[in-house]
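# Examination of the molecular architecture
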Amino acid sequence: MTSPKTILIVDDSRVSRMMARNYIGMLHADWTIEEAGSGEEALLKARSAAPDLILMDVNMPGMGGMAAAEQLRHEWPRVPISLLTANVQTATRERATALGLGFVEKPITEARIATLLATLTAA
């Protein structure tokens, strides 16, 4: 049994955030789920919520997910950050790898969320 975790879901799509929230909640009802709709909001939420995992969309208005993930990586080098995106271009994957970010393709599915969350519970 693992201790409850805090997950930060960052996506400008309310539907995507809701789907990820529902899948996480079905798998780990005792975990705290925070949401942000932009990169800027993600920085603020991360500072107040101290997440154990950040799920980050790439293409968002304002500060995009890659820029936000880069800032978050500097502030919290040990917190896992995974891009959750439909942007599957090679350049995006290479930059994610260079920043030490995970990569999960959309659409969001229960199986993809379960695989990602398993990395937190494996330790």
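All figures in this text were calculated on a predicted structure; none of them were measured in a lab.

Calculation criteria
- Residues numbered from 1 in each chain as written.
- Predicted model: local features only at pLDDT ≥ 70, side-chain atom pairs only at ≥ 80, totals over all residues.
- Heavy atoms only, no water.
- Axes fitted to C-alpha atoms, helices over the stretch in contact; angles between N-to-C directions.
- Helix = DSSP H or I, 4+ residues; strand = E, 2+ residues; numbered from the N terminus.
- Parallel < 35°, antiparallel > 145°, perpendicular 65-115°, else oblique.
- Left-handed = near helix turned anticlockwise from the far one by under 90°.
- Contact = heavy atoms within 4.5 Å.
- Core = buried A, V, L, I, M, F, W, Y, C linked by side-chain atoms within 4.5 Å.
- Buried < 20%, exposed > 50% of the residue type's maximum accessible area, 1.4 Å probe, protein only.
- Salt bridge = Lys/Arg side-chain N within 4 Å of Asp/Glu carboxyl O.

### Let's talk about the packing of helix H1 (residues 14-27) against helix H5 (residues 110-121)
As a packed pair, H1 and H5 sit with axes 9 Å apart at the nearest point and diverge in direction by 60°. The angle between H1 and H5 places the two elements in the oblique class. The crossing of H1 and H5 is right-handed. Counting all contacts with H1, which are made through Ala20, Tyr23, Ile24, Met26 and Leu27, the residues of H5 involved are Glu110, Ile113, Ala114 and Leu117.

### Notes on the nonpolar core
Within the largest apolar cluster, 21 residues are counted, with the highest numbers of intra-cluster contacts made by Val10, Ile54, Met56, Leu72, Ile81, Leu83 and Leu101. Sorting the residues of this core by element identifies strand S1 (6-10), helix H2 (39-49), strand S3 (53-56), helix H3 (65-75) and strand S4 (81-85) as the ones contributing at least two each. With 4 residues, the top contributor of residues to this core is H3. Counting 16 residues, the second largest nonpolar core, distinct from the first, contains Leu55, Ile108, Leu116 and Leu120.

### Describing the pattern of salt bridges
Scanning the entire structure with this criterion turns up 8 salt bridges. In this structure, Arg21 and Glu35 form a salt bridge, with 2.5 Å as the shortest nitrogen-oxygen distance. Of the two residues, Arg21 is situated in helix H1 and Glu35 in strand S2 (residues 32-36); the sequence distance between them amounts to 14 residues. The exposure class assigned to Arg21 is partly exposed, which follows from its relative accessible area of 31%.

These figures come from the coordinates and say nothing about function on their own.
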